[in-house]
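Coordinate analysis (summary)
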Amino acid sequence: MAILSQVLNVCRMFSPITLTQLSQILAVSLPLQCDTPRDVQVIGITTDTRTLKPGEAFVALRGDRFDGHGFVEPAIAKGAVCAIVEADFAAHSPNLPLL
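Residue positions within a chain follow its written sequence, with the count starting from 1. Reporting in this predicted model follows two pLDDT cut-offs: at least 70 for local features of residues, and 80 or more for side-chain atom pairs to be given and counted; totals over whole chains, interfaces and linings ignore these cut-offs and use all residues. Only hydrogens and water are set aside when side-chain values are computed; all heavy atoms of the structure are taken into account.

Turning our attention to the pattern of salt bridges. Should a side-chain nitrogen of Lys or Arg be within 4 Å of a carboxyl oxygen of Asp or Glu, the pair is scored as a salt bridge. Counted by the stated rule, this structure contains three salt bridges. A salt bridge links D48 to R50; the nearest nitrogen and oxygen atoms lie 2.9 Å apart. Residue classification places R50 among the exposed positions, given a relative accessible area of 71%. In this structure, D67 and R62 form a salt bridge, with 3.3 Å as the shortest nitrogen-oxygen distance. D67 sits in the partly exposed class, given a relative accessible area of 30%. Only protein chains enter the accessibility calculation, which uses a 1.4 Å probe; a residue whose area is less than 20% of its type maximum is buried, one above 50% is exposed, and one in between is partly exposed.

Here it is as structure tokens:
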């Protein structure tokens, strides 16, 4: 949760940021297979696909009662620039814009 808080604070200060900048903040590599342009702007971050706006990043949180990873594809379909996921999920979905 600490990294999510850090990302949210950076987005508030420098919104919008690029997908490349977001990946640098998270200290992760952009997926090589992804067709999303590296300089696309990320206008915000959300954990809820019901309120997701096109251009936002979706964070797939895993909890006791839900798993946001089940909502990654709908989030991308609704216009999320990328999804921030756990590494094991990203390994099995190489064509999605996942961080």
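Within the open sheet, the three strands sit side by side as β3-β4-β5. Their pairing is parallel. Only two strands of the sheet have a single neighbouring strand rather than two, namely β3 (44–46) and β5 (82–84). Averaged over all adjacent pairs, the angle separating strand axes in this sheet is 30°, with direction ignored. Should DSSP find at least two bridges between two strands, the strands are taken to pair. Helix numbers and strand numbers start at the N terminus; a helix is a DSSP run of H or I with at least 4 residues, a strand a run of E with at least 2. Bridge analysis of β3 against strand β4 (residues 56–59) gives three bridges, and the strand direction is parallel. Looking at the pairing, G44 lines up with E56 of β4. Every residue pair with non-hydrogen atoms within 4.5 Å of one another is taken to be in contact. Axis angles are defined between N-to-C directions and span 0 to 180 degrees, where every axis is a line fitted to C-alpha atoms and, for a helix, only to the segment in contact. Strands in contact with helix α2 (residues 19–26) are β3, β4 and β5; relative to β5, the strand with the most contacts, it is inclined by about 10°.

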